[in-house]
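Listed here are the chains, written in short residue letters.
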Amino acid sequence: MTCKLTSLLASMAVALAVGGAAGAEAQSRPPTPPRPPSRWSQSNGGGVARIDTLVPFSANGSVELGLISGSIRVSSWNRNEVRVVASATDGATLDFDANRSHIDLGLHRNWSDRGGSATYDVTLPVGARVTMSAISGTINATGVHGGIDASSISGPVDVRDAGANVSIESVSGGVTAMGVAGDVKVETVSGAIQVSNVTGTVSAETVSGSTDLSNARGTRVRANSVSGGITFTGALNPAGRYEFETHSGRALLRLASGASAVITVDTYSGSVTNEYPGAVRRPESDADDERTHYRYTIGRGDARISVETFSGRVQISQGNR
């Protein structure tokens, strides 16, 4: 018994000595933050109500964010990490999967039993790609240069300072895309579209929402609407091809000074007005065709602009934004 007690006391003394040395060493260096789990979930398989974590991440990784209602806000920084602050309310919970190249954040699959409101605030590397989806929530993304895909049913989508291609789909929510160094594609049903300062191609389609395009500097710009008005403002790319089509909506072209383009307008019953200084209309041989087909030349006629409408009014003027 005495030998066993002596051995136990000796072991405890060694442990205390090691622990004391470790404590002294810990005081000499900052503590290491705990590594976040690769998956946030409860032991019973349900989600969690709140997440606040920092995840090591590839500079060109991908992030997927989805919710029913609430808000998604994405920004960027020059760090190979992703900061995720998310919370769910109304009884909803979250599922979160993460590794160094991909992150997936969404509502737990049983959300329908308890509601589905959530708020996401995500900061990711500048070059990471993000996919965002919501039903009635708002979506905002700023400074993402790895590409953006966003979809919303009724909530607005706002994208700014994007460094790659942007694709947005919406039903009734408004869409804004500003400062995009890539291509922009927007499709809506009744939501208003506003696109400005884009260096790549632009494609905008809507049924009844208005479309406002400005300073689109790519070689291809296309806007299509049924009853919504289309407005284009800014300078023309000499090699650009611009196509605007609407059934009954107005088409308004405000071209910057010094424009050089050939503009063709085809209409059935809509009026056509050209107030751009120096624009010359080429007469047609068929008198009937003259009332439905218009062809104007501005400057050297470098860019090509095509406008088609059934009954919408077409107005061409000089203007800058």
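Scroll up for the structure.
Residues numbered from 1 in each chain as written. Predicted model: local features only at pLDDT ≥ 70, side-chain atom pairs only at ≥ 80, totals over all residues. Heavy atoms only, no water.

## Structural notes on the packing of aromatic side chains
(1) Moving on: All chains considered together, the criterion is met by four aromatic pairs.
(2) Moving on: Judged by centre distance (4.9 Å) and plane angle (10 degrees), the ring pair of Y268 and F310 falls under stacked. Taken together, the positions of Y268 in the loop between β23 (261-267) and β24 (272-274) and F310 in the loop between β27 (303-309) and β28 (314-318) put the pair 42 residues apart, joining distant regions of the chain.
(3) Moving on: Since its relative accessible area comes to 61%, Y268 is described here as exposed. (Phe/Tyr/Trp six-rings, centres within 6.5 Å; stacked < 30°, edge-to-face > 60°. Helix = DSSP H or I, 4+ residues; strand = E, 2+ residues; numbered from the N terminus. Buried < 20%, exposed > 50% of the residue type's maximum accessible area, 1.4 Å probe, protein only.)

## Observations regarding the pairing of β28
(1) Moving on: Buried residues dominate β28, accounting for four of its five residues.
(2) Moving on: Pairing between strand β22 (residues 251-255) and β28: five bridges, direction parallel. Note that in β28 the partner of R254 across the bridge is S317.
(3) Moving on: Summarising the sheet, β24 and β28 pair through three bridges and their orientation is parallel. In the sheet register, N274 faces β28, and the bridge partner there is I316. (Pairing = 2+ DSSP bridges.)

## Focus: the side chain of S317
(1) Moving on: Here S317 is to be found in strand β28.
(2) Moving on: Its relative accessible area of 11% is what places S317 among the buried residues.
(3) Moving on: Beyond its immediate stretch of four places on either side in the chain, S317 contacts L253, R254, L255, E275 and Y276. (Contact = heavy atoms within 4.5 Å.)

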